[in-house]
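Given next are the chains, with one letter for each unit.
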Amino acid sequence: MSKQSRASKKKNDRDKRKKHKATAAVVGSRQPTARLSKRLAEADGLIARRRLHEACEVLEREDGKRQRSPELLEMLLYVYQGLGDHLMIARTAERLVRVQPRNADGWMMMAQGYMYCGRTAMAANAYRHFLERWPDHENSVKARKAEEIAGDAAAELLMNLGFSADDFDWLVLHDEILFELSAGEFEDAVSKCRELLKAKPEVVSARNNLVLALFQLGRGAEARDVSRETVSTWPDNRFAEALHGRIEFLTGDAAEANAIADRIVSNPSDQQDAVAAQVEFLGILGRDDDVLSVVKFAEPIDKDPRCCAVLKHFEAVALMRSGKGLEARSSWKQCLEMDPGYTPASENLHDLNSSGGHAPWPDSIAKWIPKPVIDQFVNELKSGQSDDS
């Protein structure tokens with residue numbers, strides 16, 4: 001990069017930071033405390049030196065004190081943009097517009113965050129609000145184009161879920177459930193699943209999401225009961241079948257899980273969401289040859305980049321466990337080309353590049369052992385140590 005290009009980039013960065021600082025002042029807010037001002041200045045210095053991860057740590061520590069400061073939220077948004085963390089962009093923008101409902105930039109960033117996270121109904125909703133309130137905003141042309149794209153995708157999703165054109169609000173709720181799951185807000189996901197199922201009990205995806213949320217809350221038996229009822233009522237739903245196998249395995253019935261896996265391998269799904277769930281389930285069981293077989297079967301299926309990334313990641317894990325490190329590295333790289341924000345792939349690849357050996361792992365341990373279960377185990381250990389002392 002030339003000196004002129006570097007200078008131009010630094011100026012653009014400074015201009016962006018100034019814009020983020022100015023927005024809160026324009027919309028109107030209380031002045032930050034001396035402590036917060038000191039932390040913001042510290043983070044701003046780190047941002048200026050492109051040390052975004054360190055700046056993020058400083059800001060998130062302060063945010064952990066449940067700050068409602070627009071200045072803090074604005075700076076967090078800038079950092080998350082630099083890190084490409086679209087989930088946190090959307091989440092933080094949500095908080096910002098609650099504090100400052102008239103913050104047009106906050107609404108725009110929230111809509112963009114939803115869009116990048118694949119939550120097209122939520123994105124369309126947010127873009128429409130933005131355009132209704134600020135039709136002449138400098139970003140209105142961009143917002144109209146994005147709203148049209150999001151609206152078309154939402155219309156297709158309405159059809160796929162069997163919703164009518166009048167069911168858009170229910171589609172937004174369906175999107176919110178998926179968003180709550182991705183953000184780890186499992187209590188909210190359960191509440192919204194039950195709300196949707198009360199109105200539309202035939203929406204199998206809401207039942208599947210309810211199973212996922214209940215399991216993550218440590219309510220494994222309840223999740224298993226809902227899963228069993230779902231596959232009994234809708235035996236042809238291949239996503240529910242794979243999820244059911246996963247829940248049976250994670251709640252202790254390995255024999256039933258492997259029987260389900262056998263049926264899946266003999267007849268893999270030709271639908272992208274279901275085949276991704278099948279590959280993930282087989283990966284949890286450690287059936288690496290079957291993972292590779294189903295991934296190969298899925299190659300001609302029309303898939304979006306996120307689904308392709310999931311398949312490539314589990315393919316890489318299976319290859320690595322089979323001693324094929326070079327091929328695994330290639331698959332992880334392809335995964336990240338499809339979805340640069342796919343954390344399990346990037347972290348596995350980082351471990352592979354930075355150590356002499358690498359034991360691949362498919363995802364965070366919290367996905368297989370819910371946090372409440374881990375917390376209970378730790379508390380029982382502490383209790384046992386207290387009894388012994």
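A brief report on the enclosed structure follows.

Turning our attention to the overall build of the protein. Counting its regular elements, the protein contains 20 helices and zero strands. Per-residue burial for the protein yields a buried fraction of 47% across its 389 residues. Of the contacts made within the protein by residues no fewer than 6 positions apart, 56% connect residues no fewer than 24 positions apart. Total accessible area on the protein stands at roughly 20300 Å², and carbon and sulfur atoms take up 50% of it.

Before going further, it helps to examine the packing of aromatic side chains. Across all of its chains, the model carries two aromatic pairs by this definition. Look at phenylalanine 130 and tryptophan 134: their rings are 5.7 Å apart centre to centre, the planes differ by 45 degrees, and that puts the pair in the tilted class. We note that phenylalanine 130, like tryptophan 134, is buried. Stacked on the ring of phenylalanine 168, the Lys or Arg arginine 128 has its end atom at 4.8 Å from the ring centre.

With that out of the way, let us pick up the packing of helix α9 (residues 168-182) against helix α10 (residues 186-199). Relative to each other, α9 and α10 sit at 155 degrees, their axes nearing to 8 Å. As the angle between them shows, α9 and α10 are arranged roughly antiparallel. As for the relative orientation of α9 and α10, their crossing is left-handed in sense. Residues Trp170, Leu173, His174, Glu176, Ile177, Glu180 and Leu181 of α9 pack against Phe186, Asp188, Ala189, Lys192, Cys193, Glu195, Leu196 and Ala199 of α10. Grouping the constituent residues of the contact of α9 with α10 by class yields nine nonpolar, one polar and five charged.

Criteria and cut-off values
Residues numbered from 1 in each chain as written. Predicted model: local features only at pLDDT ≥ 70, side-chain atom pairs only at ≥ 80, totals over all residues. Heavy atoms only, no water. Helix = DSSP H or I, 4+ residues; strand = E, 2+ residues; numbered from the N terminus. Buried < 20%, exposed > 50% of the residue type's maximum accessible area, 1.4 Å probe, protein only. Contact = heavy atoms within 4.5 Å. Areas by Shrake-Rupley, 256 points an atom, 1.4 Å probe, with all protein chains shown as cover. Phe/Tyr/Trp six-rings, centres within 6.5 Å; stacked < 30°, edge-to-face > 60°. Lys NZ or Arg CZ within 6 Å of the ring centre and 35° of its normal. Axes fitted to C-alpha atoms, helices over the stretch in contact; angles between N-to-C directions. Parallel < 35°, antiparallel > 145°, perpendicular 65-115°, else oblique. Left-handed = near helix turned anticlockwise from the far one by under 90°. Nonpolar A, V, L, I, M, F, W, Y, C, P; charged D, E, K, R; others polar.

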